[in-house]
Every structure is written in structure tokens, then in C-alpha cells.
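# A look at the structure
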Amino acid sequence: MLESSPRISPVIRRLPEELVNRIAAGEVVERPASALKELVENAIDAGSINISVRLAAGGLDLIEVTDDGCGMGPAEIALALERHATSKLPDEHIELVATLGFRGEALPSIASVARLSIESRPRGQEGWKRVVDHGQVAEDGPAALPPGTRIRVEDLFGKVPVRRKFLRTPRAEYAACLDVVRRLAMARPDVGFTLEHDGRRVLQVQAGEGGDGALAARVSRLVARELADDGVVIDAERGSARLTGVAGLPTYNRGVADHQYLFVNGRPVKDRLLIGAVRGAYADMLARDRHAVLALFLELPPEEVDVNVHPAKTEVRFRDSAFVRGFIVGALRHALDSAGQRSAQSPAAGAMANWQVEPVAAPAAYVPLTPVPAPLGSLFTSFDRATPARVSEVGQSWRSYEQAVMAPPSARAEEAEAIPEEAVAYPLGVARGQVAGTYIVAEAEDGLVIVDQHAAHERLVLERLRAAGAQGAVAASQALLLPEVVDLEEPACDRLEEKAEDLAALGLAVERFGPAAMLVRAVPTALGKSDVQALVRDVADDLAQNGDALLLGERLEHVLATMACHGSVRAGRVLSVIEMNALLREMERTPRSGQCNHGRPTWVKLAHGDIEKLFGRK
């Protein structure tokens, strides 16, 4: 029989400073983008007006941040490289912190896993330089540089191969660094930013660019230029809270949520409560697999938000989360409602490429005397005047395929009349005809409007149902003959119990049934035939992910949308001009009529200039 080995008692010891810094670096410096974020935040906190960033190999070989801030003297540089040394907490009131950084861990943590060079010079003083190579001071002496600070990080994790091998490719690390600079530049339109990668300038924005609309201009330039035309400006206040930013129209959306930029007191965050609020605001305007494009800046008194939650300071905790969520949802919905019938008007390149100079299909017997012109690439590309057009062909050639080209039209239109004077006030114009029994063609003062009659009427019917209180009827409860017990984990039950009152307002009556179970007494009438067990579990998961029961509301909204779909004008139905104009006028009066219930546009416009380009007049 084997003898048991003697039990060894672990000995508690104080870790050496170098190991402590490497452990701290594991929390703060996950990858090059993490180090870059800390350095740029320090530059912003130093009062810089211009910040320049240089990268090599995605930050793996080099990260250099240069600013024109207040600078540091020799003693301050040495102190800044010690752990928990910072200028951003003048007293012990950490809950009142107003700067981006405050922990005092970034520089010593980076210096422990890379070669860190700090050059700094306060105005009116001499410059100084200190180099720390993986925790060891390698150089310390005077330096010549303009007022401000320059920090270089080289060979990140060079002597920590275990960490280095877990980094991604230089291209992926560069993408993460670019996202960091973009977010910080978005939050501070009063600061200029420049980013160079491998000697190539990839981003440059000037301080104060855009004047009074600096924030909206900066966001549009950094996120997507289309956002200037396909977005609404947010500026709302409630009590001591303020929300500003730019939100894309529902028709301007993406397949992933990586174009949602959220800030709290100027700090970029990834907070599930804020993400859930955005989803709730767009809930009835976007399909579940589509995501809004926006940048929101929430300002709160420092004591109302806890930023000391995550080592990288990317998460926050709100004192009154229900107020914050309600404020964001309300402000977003109000701004989107004010957009009226607006819709994202950027034409799809694939659809525009189908426009032809003239029909290219000809009868087999016809052989063209000149080459068939290629399709017009896009409404927004210049027309090639050198392309030979068939209209210049001889009459005999034309008559050989005249019958095919002049086939009876598949649409109908009434006799054109002069646009009445009051039509100037009609953004969607005056109906001129109908194509394929599905699309209304209208003439507006500034172009041609094409409306999808089914999609448009579907949105109008949905808004009517809401106005008539149909949502309350859909959410009415239907009591279960036998209450059903749903077994869940205790934290999930806690979340459901906390939101029981809100769920009851949506027709789902639940109550606690022991530590790890919920008793379901009623479900919404419209969802009466659904799987109760699956419904409650999905709602519990939704609460865990978004902090609110968005899923249940979305399912009820889906019922309303289905009712609206069945009650709307179908594609293929022939409408009179009077009916078409009535539909256009109601669209102009109805909020969110620019998109259907799934986030697709209900109308598009071809401006006069675009039509002239199509025919080579411009």
C-alpha cells in the first residue's frame, strides 16, 4: 500500500514588485489597443489640444503618442512610473472623479512588459527623458522636445512570450487600435487627433472642426459620412442628465452592432444597460438581426455613476439604472419621431447598376451596327459621353427591333397635370401613376419619389393600431387553467421577481415559487398558444443580457405588426390617383413612416440631378 505524501502547508509571501507589475499589466494591458487607450486618455487628461499617434505592426512593434499637454518634470516622470501614483485624484473622493484615468497603474504596468520611453517638457522648463526596459531603468537624462509629452512603447510582451503568442495578427491588432482612437476622438471634438500606421496616415481630425455642430460633424466623419444625411441629432435633458449625439434612421442599419458608440461623461463604455436601451428604442422599427448606427453621449453628475467597476474602465454602474434607461429610450424615440417620414436615401449600388442607357435585349434577327453600350454604373458616377448610343443608328436598324422595344407598358398612369401650388408643401409629392400594382410614382418639387405601397401602408396601420390602444388589448392577460411551474437558477428568479410588475403590464403574471422556480399564472392573450416554459426562460435570459424584458415586448409588437400586415394594402392592388395621394399625405403626417415594421425603407427619391446624370445631361 502506497504511503500518502506529507501535506505541505502553503506559505504566504509578499510578491516582488516586478511580479506585481506584471500581474497588474495582465488586467490593464491585454493587447496593444489597451496600452494605447491608457496613453491617449492620459494625453487628454493633460489638457492636450492635439494628439498624434504612430503605430507599427498594429502596435506590436511600436506605439507612440505625442501631445501638447501640460508636460512633466523629472521628479513627476519618476513618480508617474510608480504604482498608484496619479495627479487625477487630488483627494480621497474617488466617486467624484472627472478624468478618464485615475488608478495610476497604466504606466508602470506597461513598463513592466515592454520598453517604455517617456519624454516630457512643461512650458518654460527643460525637457527630460526616462527609459524603462521591462521594469528596469535603462536611461535617465535631459531631452530636447517641444512642450508636451511623447511616450514610446516598443517590443510589447517581448520578454513575456506566453502573453505574446496569444495576441492576434498585426492587422487585427491595428483594427482594435483604430477603434480606440476613433472612440476617443469622437468623445472630444475639441481635440485634434492624427493616427499613422506603418508610415501611412489613416485618420486626421482637426480640433473644433464643425463649429457649433462640432459633435455631429465629428461623429459623421468618424463613423460614416452618410450619417449626416441619414441620422437625427439628439439633444435632450431631464433633471441633471443630458443626452446628445447622432442616431441613424431605422432604415440606415447594419448587420452587427459594432457601429454603436456609447459614452458616459466623455468615457467610452460598453454597458449592457445602455445597449439594451438602444435596442428598446428601436424595437418596433428594426428586425432582430439588424442593428442601429449611432453615437450617444450621456452626461450625469459624477456621484450618479460609478466608473470604478472594471480595471480598463470600460464598464460603469448607475445609481438609478431605471431612470437612465427610460431617459435614453424616450429621448431616442422622440428624436426618431421628429424625423417624420424621413428614410435613408442612399441608393443600393447593386440596384443602381441595373439602370441601362436603353434596352440591351434585341431580337435574334437584329445585329447592331455599333457596340451595345454597357450599363450605367451608378446614378452617382459621371456619364460617359463618348459611349455611342443606339439612337444615332440608321432608321432601318431601328425599325428592325421597334416592335420589341415599343411593347405595351406594364404600368398605368393618368393624364399628367400641372403640380398644384400647394404641392410645394408636400415632401412626398403628387402621385402620377402606379408600377406593377405595387409602387406609387410621385412627382415632388425636387425629384421623383417611388413608394412601396404595401410597406408604407403596413407602417400606417401599425401606428393607427397603437393610437387606438390595440397594444393594451394584445397585452391583455389570459389566465392559465393550471398555473405552470418553471424551474430556473436562483439569480434568474431574482431578476424575474424584481420585474414582475413590469411583466404583468405586458400580460405575463409570474410569482416566486421557492428559491429556484417561478409560478406562471397568466400569459399575454396574443401568445396564449406559445410554450410557457420556453417563454419564461427566454424572458429571464433577456433580463440577464439587457436588464429589461425587451423580448416580451418585441413578441407582442410582432403580433401587432402581423395584424398591421394583414390589414394593409397588398402588393398588386390597383389604386386610383386619389387613393395614392391620400396614402402619401398620411405618410407625411405619420411618425416613422419612412420605414416599414422591419426597418426597410418605404420610399426612395431620385433627385433631379440624379435623373439628369442618368440621361447624360449633367
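The rules behind the values
Position numbers for residues count from 1 along each chain, tracking the sequence in the order it is written. The predicted nature of this model means local features are confined to residues of pLDDT at least 70 and side-chain atom pairs, given and counted, to a pLDDT of 80 or more, with totals for whole chains, interfaces and linings taken over all residues. The basis for every side-chain value is the complete set of heavy atoms in the structure, and neither hydrogens nor water enter the calculation. Fitting a line to C-alpha atoms yields each axis, with helices limited to the stretch in contact; the angle taken between N-to-C directions then spans 0 to 180 degrees. Per the convention used, a helix needs a DSSP run of H or I reaching at least four residues, while a strand needs a run of E reaching at least two, with both numbered from the N terminus. Should an angle fall under 35 degrees it is called roughly parallel, over 145 degrees roughly antiparallel, and 65 to 115 degrees roughly perpendicular, with every other angle called oblique. Here a crossing is called left-handed whenever its near helix is offset anticlockwise from the far helix by less than a right angle, and right-handed whenever the offset is clockwise. Any two residues whose heavy atoms approach within 4.5 Å at even a single point are treated as in contact. Under the scheme applied here, ten amino acids are nonpolar (Ala, Val, Leu, Ile, Met, Phe, Trp, Tyr, Cys and Pro), four are charged (Asp, Glu, Lys and Arg), and all others, including Gly, are polar. Between buried and exposed lies partly exposed: a residue is buried under 20% and exposed over 50% of the maximum accessible area for its type, with that area taken using a 1.4 Å probe on protein chains only. Here, strands pair whenever DSSP counts at least two bridges between them. Whenever Lys or Arg places a side-chain nitrogen within 4 Å of a carboxyl oxygen from Asp or Glu, that contact is recorded as a salt bridge.

Bringing the packing of helix H2 (residues 32-45) against helix H6 (residues 170-187) into the picture now. When two helices pack together, their arrangement is given by the angle between the helix axes and the distance between those axes. Interhelical geometry of H2 versus H6 gives an angle of 25° and a closest axis separation of 9 Å. As far as their axial angle goes, H6 and H2 are roughly parallel. Two packed elements cross with a definite hand, and for H2 against H6 that hand is right-handed. Residue-level inspection shows Pro32, Ala33, Leu36, Lys37, Val40, Glu41 and Ile44 of H2 in contact with H6, the latter providing Glu173, Ala176, Cys177, Val180, Val181 and Leu184. Of the residues assigned to the contact of H2 with H6, the class counts are 10 nonpolar, no polar and three charged.

With five of its six residues buried, strand S2 (residues 62-67) lies for the most part within the structure. Here six bridges tie strand S1 (residues 50-56) to S2, and the two strands are oriented antiparallel to one another. When the sheet's bridge partners are listed, Ala56 is paired in S2 with Leu62. The hairpin formed by S1 and S2 contains five residues between the paired strands, and Ala57 there has a positive phi angle of roughly 55°. Here six bridges tie S2 to strand S6 (residues 148-154), and the two strands are oriented antiparallel to one another. Each residue of the ladder has a partner; that of Leu62, found in S6, is Glu154.

Looking at the secondary structure, you find Leu606 in strand S25 (residues 603-607). Of the residues examined, Leu606 reaches a relative accessible area of 10% and is grouped as buried. Put simply, Leu606 and Leu448 are 158 residues apart on the chain and 5.1 Å apart in space, counted from C-alpha to C-alpha.

Moving on to the sheet that holds strand S23 (residues 509-512). Across a sheet, strands are paired by hydrogen bonds formed along the backbone, either parallel or antiparallel in direction. Taken in spatial order, the three strands line up as S22-S24-S23 in an open sheet, and their pairing is antiparallel. In the strand order of this sheet, the two ends are held by strand S22 (477-487) and S23, each with one partner. Sheet twist, expressed as the mean angle between neighbouring strand axes with direction ignored, is 20°. Bridging between S23 and strand S24 (residues 517-524) involves four bridges; their strand directions are antiparallel. From the neighbouring strand, Val510 faces S24, where its bridge partner is Val520. Along the sheet, helix H15 (residues 490-498) contacts S23 and S24; its crossing angle with S23, the most-contacted strand, is approximately 125°.

Attention now moves to the environment of Pro170. Position of Pro170 among the secondary structure elements: in helix H6. The class for Pro170 is partly exposed, based on a relative accessible area of 40%. Along the chain, Pro170 and Gly58 lie 112 residues apart, while their C-alpha atoms are 4.5 Å from each other. When near neighbours in sequence (up to four residues on either side) are disregarded, Pro170 contacts Ala57, Gly58 and Leu60.

This part covers the pairing of strand S12 (residues 260-264). Counted residue by residue, S12 has five buried out of five residues, so it is predominantly covered. The alternating pattern of S12 places Gln260, Leu262 and Val264 and Tyr261 and Phe263 on opposite faces, both of which are buried. Judged from the five bridges that link them, S12 and strand S15 (residues 294-299) form a sheet pairing that is parallel. Paired with Tyr261 across the two strands is Ala295, which belongs to S15. Relative to strand S13 (residues 267-269), S12 runs antiparallel, the two sharing three bridges. Across the sheet, Leu262 pairs through a bridge with Val269, a residue of S13.

So, about the pattern of salt bridges. Between side chains of opposite charge, pairing is possible as soon as their charged atoms come close. With the rule as written, the count across this model stands at 19 salt bridges. For Arg201, the salt bridge goes to Glu196, with nearest N and O atoms at 3.4 Å. On the basis of relative accessible area, Arg201 is assigned to the partly exposed category, the value being 47%. Here Arg432 ties to Glu443 by a salt bridge, and the two come within 3.1 Å at their closest N and O atoms. Taken together, the positions of Arg432 in strand S19 (residues 430-435) and Glu443 in strand S20 (residues 439-444) put the pair 11 residues apart, joining distant regions of the chain.

Bear in mind that shape data such as this cannot, by itself, settle questions of function.
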